[in-house]
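Here's the letter readout for the chains.
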Amino acid sequence: MSIAAETPVVPKVNLINRLLAMVPPALWSVIVLIIVWELSVKIGEVPNYILPAPSAILAEFGAYWHRLLPNALVTGGEVVFGFLCAVLIGVPLSVFIAYSRFMERSVYPLIVASQTVPKVAIAPLLLTWFGYGLAPKIVIVVLLSFFPIVINSVMGLKSASREMIYLARSMGASGWQQFWKFRLPQALPSMFAGFKLATVLSVIGAIVAEFIGADKGLGYLILVAGSSFNITRQFAAIITITLIGVVFFMVIERLERVVIPWRHRSLSETDA
Amino acid sequence: MISAAESYISISGVSKTFNGRQGEVHALKDINLNIKPGEFVSVLGPSGCGKSTLMMLVSGLMSVSAGRITVGKKHIDSPNADAGIVFQQDVLLEWRSALQNVMIQAEIRKGDLKQAKERALQLLKMVSLNGFENSYPKELSGGMRQRVSICRALLHRPPLMLMDEPFGALDAMTRDQLQIDLLRLCSDNDMTVLFITHSISEAIFLSDRVVVMSPRPGRIERIIDIDLPRPRRLAMREDTRFIEYTRELTQIFKGLGVFREEY
């Protein structure tokens, strides 16, 4: 008996299934959304100043990109710079809070309380203090995004078990080694969860800041387009903002995979 | 009775008190124990008898409230870096491979890393983990993880091994195998072992002497010499003498009220 003589089973791969497999599922839902949107606008004859069709928005992108792009760079710059400032302030602060009982009791409640203050409400105040330039935008982005960074980093830095610290001390590890070789790597997954939340909040922060007072950026474009009832242009700007947010989030997620590969290695294996 | 002069570990008049929420808790009271170099001593007792605390005091990670502990003539008043420690939880670092987890011992101690790596690979091989050197802890079973943590504790050739219920979280079969592995590692590495357990048969199987402790406050109730030949074999557990020891220890714990059969 030979196995080779048997007729090989040819898998009949459905063309639709193959197409589906080529594109990530998230993109499919977007494509479906766009098609439904386009059709309903066209069939329902919805005027452009109420809800523009995706095709109209795409045309707007083509006609207006020379203004969208530089303003997107301004907003993107605020988002990234503000986020980095939030990390540079938030991470060291969380180290202090995690290590010092005094800091935990004195500063930590203040940080939590500060989060209940609506940022939109204090934005005009920041305008009077810092003017119309880059500074108030960065301040608002930092105010919004440093909270999840601090909370998650503190949680991560405190997640090292008592035994782990005993073990480190039994090896004669210095305080610095305990931090660098034990506590910090242990904290990384939790820290990155905070970073990812912060990316989303920093985009919101930048747009809020631009609404309050700006002469450039996508938030400013939305206001100007709104005042002339150019809904299509507003949509083009909103979609650009969304793209900035999604790309930024994906960059941090990719960075996470580079920095903490041990997490994803076993995850991908269980998924397979 | 082993005199303080010939002992490697000498515990004299040691007490430990914790300041809990309900006031002072006497975890250990007036402990006296001498352990010879190369001896395998188990501390056996129910939970709450302070046996883990005793190990922590010998490691220097906790300090005594009264009394004095010396290890190899050295007074213990700070973490004893000459010891290797294994806890019930394997405490592996999730971000490091099996080999890297063993190597952390050498990285912290700043020894010769190349030599340490050779020894680490050799140790992993001795516990049948060759082929898993580059696996992350998440990819290993509970028994494999605890083997890695034992290798980590052995890397720097510590003269003293401190083990706090290291096999307590493992299933019975894995436990048997790891007991055999441990005895082999001990005879190859010439170490003194202080082994904390609440398993009567584990204590008999592994030890030269079993220290029986009773709870509240933790005291040494009895010390029993285990006169079984080495190397120990699993079949010895059916040996008449083994069963005698089991009976004797069970009787002691019954007397202490740890076991109750009549209601």
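This write-up is about the structure you can find in this document. (Residues numbered from 1 in each chain as written. Chains lettered and ligands numbered in written order. Predicted model: local features only at pLDDT ≥ 70, side-chain atom pairs only at ≥ 80, totals over all residues.)

**Quick word on the overall build of chain B**
Alright, step 1. A count of helical and extended segments in chain B gives seven helices and ten strands.
Alright, step 2. By the compact-globule yardstick of 18 Å for 263 residues, chain B fits well, its C-alpha radius of gyration being 19 Å.
Alright, step 3. Burial status across chain B gives 41% buried among its 263 residues.
Alright, step 4. Once local pairs closer than 6 in sequence are excluded, the contacts in chain B between residues at least 24 apart make up 69%. (Helix = DSSP H or I, 4+ residues; strand = E, 2+ residues; numbered from the N terminus. Rg over C-alpha atoms; globule rule 2.2 N^0.38 Å. Buried ≥ 20, exposed ≤ 12 C-beta atoms within 10 Å, placed from the backbone. Contact = placed C-beta atoms within 7 Å.)

**Quick look at the packing of helix α8 (residues 175–212) of chain A against helix α9 (residues 218–227) of chain A**
All names here are of chain A.
Alright, step 1. As a packed pair, α8 and α9 sit with axes 7 Å apart at the nearest point and diverge in direction by 50°. The angle between the axes of α8 and α9 places the two elements in the oblique class. Crossing handedness for the pair α8 and α9: right-handed. Contacts between α8 and α9 involve Ile207, Glu210 and Phe211 from the former and Leu218, Gly219, Tyr220 and Leu223 from the latter.
Alright, step 2. A per-class count over the contact of α8 with α9 returns five nonpolar, one polar and one charged. (Axes fitted to C-alpha atoms, helices over the stretch in contact; angles between N-to-C directions. Parallel < 35°, antiparallel > 145°, perpendicular 65-115°, else oblique. Left-handed = near helix turned anticlockwise from the far one by under 90°. Nonpolar A, V, L, I, M, F, W, Y, C, P; charged D, E, K, R; others polar.)

**What about unusual backbone geometry?**
The bulk of non-glycine residues show a negative phi, and the bulk of peptide bonds are trans.
Alright, step 1. For the bond running from Arg216 of chain B to Pro217 of chain B, omega is -10°, close enough to zero to count as cis.
Alright, step 2. In this fold, Pro217 of chain B is placed in the loop between β9 (209–214) and β10 (219–225).
Alright, step 3. With omega at 0°, the peptide bond leading from Arg230 of chain B into Pro231 of chain B counts as cis.
Alright, step 4. Structurally, Pro231 of chain B is set in the loop between β10 and α7 (240–255).
Alright, step 5. In this structure, Glu45 of chain A is a non-glycine residue whose phi angle is positive, near 50°.
Alright, step 6. For Glu45 of chain A, a count of 6 C-beta atoms within 10 Å translates into the label exposed.
Alright, step 7. One non-glycine residue, Asp190 of chain B, adopts positive backbone phi at about 55°.

**Some words on the sheet that holds strand β5 (residues 74–75) of chain B**
Residues and elements named next belong to chain B.
Alright, step 1. What the four strands build is an open sheet, ordered β2-β1-β4-β5; its pairing is antiparallel. Only two strands of the sheet have a single neighbouring strand rather than two, namely β2 (23–35) and β5.
Alright, step 2. Bridge count for strand β4 (residues 66–71) against β5 is two bridges, and the pairing is antiparallel. Bridge assignment links Thr70 to a residue of β5, and that residue is His75. (Pairing = 2+ DSSP bridges.)

**With respect to helix α4 (residues 101–114) of chain A**
Residues and elements named next belong to chain A.
Alright, step 1. The terminal C-alpha atoms of α4 lie 20 Å apart, and with 14 residues this matches the ideal 20 Å at 1.5 Å per residue to within 8%.
Alright, step 2. Of all the bends in α4, the greatest, near 30°, is centred on Val107, and the proline Pro109 appears no more than four residues after it.
Alright, step 3. Taking burial as the measure, the 14 residues of α4 include zero buried ones, a minor fraction of the element. (Expected span 1.5 Å × (residues − 1). Bend = angle between axes of the 7 residues up to and from the residue.)

**Quick notes on the interface of chain A and chain B**
Alright, step 1. In this assembly, 17 residues from chain A lie in contact with 19 residues from chain B.
Alright, step 2. Those elements that place two or more of their residues in the side of chain A that touches chain B are α7 (162–170), α8 and α11 (261–271) of chain A.
Alright, step 3. Sort the elements by how many residues they give to the side of chain A that touches chain B and α7 of chain A lands first, with six residues.
Alright, step 4. Looking at the side of chain A that touches chain B residue by residue, the classes come out as eight nonpolar, five polar and four charged.

**Description of helix α2 (residues 98–109) of chain B**
Alright, step 1. Along α2 of chain B, the residues classified as buried are Ala98, Asn101, Val102, Met103, Ile104, Gln105, Ala106 and Ile108 of chain B.
Alright, step 2. Contact partners of the buried residues in α2 of chain B: α8 of chain A together with α3 (113–126) and α4 (142–154) of chain B.

**Quick word on the packing of α2 of chain B against α4 of chain B**
When two helices pack together, their arrangement is given by the angle between the helix axes and by the axis-to-axis distance.
Residues and elements named next belong to chain B.
Alright, step 1. Contact geometry for α2 and α4: axes closest at 7 Å, N-to-C directions at 30°. Of the possible angle classes, the one that applies to α2 and α4 is roughly parallel. Where α2 crosses over α4, the handedness of that crossing is right-handed. Across the interface between the two elements, Ala98, Asn101, Val102, Ile104 and Gln105 from α2 touch Val148, Cys151 and Arg152 from α4.
Alright, step 2. For the contact of α2 with α4, the per-class residue count stands at five nonpolar, two polar and one charged.

**Some points on the pairing of strand β6 (residues 83–86) of chain B**
All names here are of chain B.
Alright, step 1. Judged by which residues are buried, β6 turns out to be covered on both faces: Ala83 and Ile85 on one side and Gly84 and Val86 on the other are all buried.
Alright, step 2. In this structure, β6 lies alongside strand β7 (residues 160–164), joined through four bridges in parallel fashion. Of the residues in β7, the one forming a bridge with Val86 is Met163.

**Considering the nonpolar core**
Alright, step 1. Val58, Val102, Cys151, Leu162, Leu194 and Val211 of chain B are the most contacted members of the largest nonpolar core, which totals 78 residues.
Alright, step 2. Contact partners of Leu194 of chain B, with chain neighbours within four places excluded, come to Ile9, Ile35, Val41, Val43, Met55, Val58 and Leu162 of chain B.
Alright, step 3. In this structure, Val139, Val154, Ala237 and Ile244 of chain A belong to the second largest nonpolar core, which totals 43 residues. (Core = buried A, V, L, I, M, F, W, Y, C linked by C-beta atoms within 7 Å.)

**Quick notes on the sheet that holds β7 of chain B**
All names here are of chain B.
Alright, step 1. Pairing in this open sheet of six strands is mixed, and the strands run β6-β7-β8-β3-β9-β10 from one edge to the other. The open sheet has two free edges, formed respectively by β6 and β10, since each of these has just one partner strand. In this sheet, adjacent strand axes meet at a mean angle of 15° when their direction is disregarded.
Alright, step 2. Across five bridges, the pairing between strand β3 (residues 40–44) and strand β8 (residues 192–197) is parallel. Residue pairing for β8: Val41 is matched across the bridge by Leu194.

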